[in-house]
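Chain by chain, the residues:
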Amino acid sequence: MTGQAAILQSLLRQYDVSQWWTAEQLREAQFLQLSQLAEHAFRTVPFHAERLRDAGFVSGMQMTPQIWSRLPILTRDDVRDAEEKLRASSYPASFGGTNTASSGGSTGIPVRVLKTALDEIIWRSVHLRELEWNGVDPSLEIANLRGVGNHLEKMRKTPESFPGVFEDAGGVIMPDWGVPASLIWNTGSMGFLQPSEPLQTQAGFLIQRRPAYLIIRPSGLRLLLCYFREQGLIMDSLKSVWTMSESVDESLRELCREIFGCPIFNSYTANETGYIALQCPQGTNYHAVSESALVEVVDERGNACKPGEIGRVLVTPLHNYAMPLLRYQVGDEAEVGPPCSCGRGLSSLRRIVGRLDDYVTLRSGERRKADVLHYKISEIRAIREFQLVQTTLETIELRLVTSRALNEEENKVLEEVMKKSFGGYLKWSVLLVESLPRTQAGKLRQFLSEIG
Ligand SMILES: [Zn+2]
């Protein structure tokens, strides 16, 4: 066993114990970690020091729930605008080297967060915990239709750099699940296929490979399930489907049970913060990963929501000492769950509300994903926020909040994005506005439809 495998195993076994702690025990442990994080932020990040001081924190003291609740929420704008200022002037060398995580998130404009090697280890350990919760048999095959960027192309072009990789059924097959699973288990193979492939190819890949597990985004899963149903195809090898990045509703879970005969396990993550919550092994609640992040849900006045209430999700990663994020607003809304019937003390979220799939409706009745090239738009630094609004069955408006007028080149980029996203079926216009409306919980929706 390598050094890292031993660390991961020991974290997993700690999670086995801590998940059964009471909510009070977990909270106490979190406030011990928060005290250390706050002390570190106080000493190394003047931006935080000022906020902490205003909230009543003094160096050397224990963080209390009262002081914590007075600490202002850290918005995406704060992080984007003050990026450099949020970096710690120093952090423990044992946390390892740094790298940058970038996220477009639901507001479309990316924020960049500095992390250390320790954050990566925590991410890996929670990923393994997720697999254990999903009850996996590591010896079986996974089909990965999530999309792995140009990784697939690299494997095709330089197979010599990927020992044991081969092509089959239109995809690329890796001999194991890769890191971190392959560090601690003897795993089966993992087949990759790009989600941009036609549904026919995706279905053929699954039917031929007969994987036990499928990794896919919820919207892609829905299309695939509908295809299997319409074509009368049968898929009976799957034990579970693992989703992420978008919301999963009950209708999708039902469709998956009906067509694939298996459950969905969904996880809730953000690039800036790492894992936020995992689906309970015994139901469809989500459990916050309380050992590595403080997850709060607050109403528009900043007060903690009670079970059944919907509010903004704030996440404080407990191990990021390179760029501490204290009460970071990730841009989603969630409904707080009651204590989970499974008995775990980890706080629970009933559902993540703010990641609803956004569609435009055509006159024919057809619905298409309102899929705009977020990163292209957000490359234009003058654009602070944007929102797409379908105003009629033929028209869509791109509403922009900008820090200055856009130049000719930037307008050209916008034109390209809109043409690529909606060309051929919707007329578009661009409207500059002072501000964009927020939902009750203060969230910006990327897409709105004014069609009834
Ligand atoms: Zn549970």
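1. Observations concerning the overall build of the chain
Next, step 1: Scanning the chain from terminus to terminus reveals 13 helices and 21 strands.
Next, step 2: Relative to the globule expectation of 22 Å for 452 residues, the C-alpha radius of gyration of the chain, 23 Å, shows essentially globular dimensions.
Next, step 3: Dimensions along the principal axes, computed over C-alpha positions, put the chain at roughly 65 × 60 × 45 Å.
Next, step 4: Looking at the chain as a whole, 53% of its 452 residues are labelled buried.
Next, step 5: The long-range share in the chain, meaning contacts at least 24 apart out of those at least 6 apart in sequence, stands at 65%.
Next, step 6: Taking the 50 positively charged and 54 negatively charged side chains of the chain as two groups, their mean positions are separated by 1 Å.

2. A few points about helix α3 (residues 46–55)
Each full turn of the α-helix corresponds to 3.6 residues, which orients residues three or four apart in the same direction.
Next, step 1: Considered for burial, the residues of α3 that qualify are F47, H48, A49, R51, L52 and A55.
Next, step 2: Close packing links the buried residues of α3 with α2 (23–44), α4 (65–70) and α5 (76–81).
Next, step 3: Positive backbone phi, approximately 105 degrees, marks G56, located one or two places after α3.

3. Concerning the packing of helix α1 (residues 3–18) against helix α6 (residues 117–133)
Next, step 1: Interaxial distance between α1 and α6 falls to 9 Å at its minimum, and their mutual angle equals 55 degrees. In terms of axis orientation, α1 runs oblique to α6. The handedness of the crossing between α1 and α6 comes out as right-handed. On α6, the residues that touch Q4, I7, L8, L11, L12, R13, Y15 and D16 of α1 are I121, I122, R124, S125, V126, L128, R129 and E132.

4. Points about the packing of α2 against α3
Next, step 1: Between α2 and α3, the shortest axis-to-axis distance is 6 Å and the interhelical angle comes to 120 degrees. Between α2 and α3, the interaxial angle falls into the category oblique. Remark: the crossing between α2 and α3 carries left-handed chirality. Between α2 and α3, the residues in contact are A38, A41, F42 and T44 and P46, H48, A49, L52 and R53, respectively.
Next, step 2: Each residue belonging to the contact of α2 with α3 can be placed in one class, and the counts come to six nonpolar, two polar and one charged.

5. Focus on the pattern of salt bridges
Next, step 1: All told, the structure shown has 21 salt bridges when counted by the stated rule.
Next, step 2: In this structure, D168 and R209 form a salt bridge, with 2.6 Å as the shortest nitrogen-oxygen distance. In this pair, D168 is assigned in strand β4 (residues 166–168) and R209 in helix α9 (residues 199–209), connecting sequence segments 41 residues apart.
Next, step 3: Using a relative accessible area of 23% as the deciding quantity, one classes D168 as partly exposed.

6. Some thoughts on the nonpolar core
Next, step 1: In this structure, V79, L128, L131, W177, W242, Y268 and V330 are the most contacted members of the largest nonpolar core, which totals 67 residues.
Next, step 2: Among the elements that line this core, the one with the most residues is α6, at six residues.
Next, step 3: Once you skip the residues sitting within four places of it in the chain, L128 turns out to touch L8, L12, P180, A181, I184 and W185.
Next, step 4: Among the nonpolar cores identified, the runner-up in size contains 26 residues, and I173, L193, V248 and I264 belong to it.

7. Section: the side chain of E291
Next, step 1: You can see E291 is positioned in the loop between β11 (286–288) and β12 (293–298).
Next, step 2: Within the local environment of E291, its side chain forms a polar contact with the side chain of S18, the two groups lying 2.7 Å apart.
Next, step 3: Looking at E291, its side chain comes within polar contact range of the side chain of R129, at 2.9 Å.
Next, step 4: Sequence-distant contacts of E291, defined by excluding residues within four places in its chain, comprise Y15, S18, Q19, Q33, R129, L318, H319 and L346.

8. Considering the coordination of the zinc ion
Next, step 1: In the first shell of the zinc ion, the protein supplies C280 (SG), H287 (NE2), C340 (SG) and C342 (SG), at 2.1 to 2.3 Å from the metal.
Next, step 2: Considering all four donor atoms around the zinc ion, the spread of angles at the metal, 103 to 117 degrees, places the coordination shape in the tetrahedral class.
Next, step 3: Read in sequence order, the donor residues for the zinc ion give the motif C-x6-H-x52-C-x1-C. One end of the pair, H287, is in strand β11; the other, C342, is in the loop between β14 (328–336) and β15 (348–352), with 55 residues separating them in the sequence.

9. Considering the environment of R156
Next, step 1: Structurally, R156 is set in helix α7 (residues 151–157).
Next, step 2: Judged by relative accessible area, R156 falls into the partly exposed class, the value being 27%.
Next, step 3: The residues touching R156, leaving out its near neighbours within four places in the chain, are E167, G170, G171 and V172.
Next, step 4: Polar contacts involving the side chain of R156 include one to the side chain of E167, which spans 3.3 Å.

10. Considering helix α13 (residues 408–422)
Next, step 1: Relative to the 21 Å expected for 15 residues at 1.5 Å per residue, α13 spans 21 Å between its end C-alpha atoms, a close match to the ideal helical length.
Next, step 2: For α13, the set of buried residues is E410, L414, V417, M418, S421 and F422. An end-on view of α13 places all buried positions within 95 degrees of arc, on one side of the element. In α13, the exposed positions that point more than 90 degrees away from the buried face belong to E408, E409, K412, K419 and K420.

11. Side note on the domain arrangement of the chain
Next, step 1: On domain assignment, one finds that the chain holds domain 1 (3–123 + 269–352) and domain 2 (359–449).
Next, step 2: Computed over C-alpha atoms, the centres of domain 1 and domain 2 are 31 Å apart.

12. Side note on the packing of aromatic side chains
Next, step 1: A complete count under the given rule lists eight aromatic pairs for this structure.
Next, step 2: Ring centres of W177 and Y213 lie 6.2 Å apart, and the angle between their planes is 90 degrees; on these two criteria the pair is classed as edge-to-face. A residue pair is termed long-range when its members are at least 10 positions apart, and W177 in the loop between β5 (171–174) and α8 (181–184) and Y213 in strand β7 (residues 213–215) qualify at 36 residues. The burial state of W177 is the same as that of Y213; both residues are buried.
Next, step 3: A centroid spacing of 5.2 Å and a plane angle of 85 degrees characterise the contact between F228 and F260, whose relative ring orientation is edge-to-face. Of the two residues, F228 is situated in helix α10 (residues 218–231) and F260 in the loop between α11 (250–259) and β9 (264–270); the sequence distance between them amounts to 32 residues. Grouping residues by exposure puts F228 and F260 together as buried.

Reading the values: the criteria
- Residues numbered from 1 in each chain as written.
- Predicted model: local features only at pLDDT ≥ 70, side-chain atom pairs only at ≥ 80, totals over all residues.
- Heavy atoms only, no water.
- Helix = DSSP H or I, 4+ residues; strand = E, 2+ residues; numbered from the N terminus.
- Rg over C-alpha atoms; globule rule 2.2 N^0.38 Å.
- Buried < 20%, exposed > 50% of the residue type's maximum accessible area, 1.4 Å probe, protein only.
- Contact = heavy atoms within 4.5 Å.
- Lys, Arg positive; Asp, Glu negative; His and termini not counted.
- Charge placed at Lys NZ, Arg CZ, Asp CG, Glu CD.
- Axes fitted to C-alpha atoms, helices over the stretch in contact; angles between N-to-C directions.
- Parallel < 35°, antiparallel > 145°, perpendicular 65-115°, else oblique.
- Left-handed = near helix turned anticlockwise from the far one by under 90°.
- Nonpolar A, V, L, I, M, F, W, Y, C, P; charged D, E, K, R; others polar.
- Salt bridge = Lys/Arg side-chain N within 4 Å of Asp/Glu carboxyl O.
- Core = buried A, V, L, I, M, F, W, Y, C linked by side-chain atoms within 4.5 Å.
- Polar contact = N/O pair within 3.5 Å; in protein donor to acceptor, adjacent residues only side chain to side chain.
- Donors = N, O, S within 2.8 Å, 3.2 Å for Na, K, Ca; no water.
- Tetrahedral: all angles 85-135°; square planar, octahedral: opposite > 155°, others 65-115°.
- Expected span 1.5 Å × (residues − 1).
- Arc of directions from axis to C-beta.
- Domains from an automatic or database assignment.
- Phe/Tyr/Trp six-rings, centres within 6.5 Å; stacked < 30°, edge-to-face > 60°.

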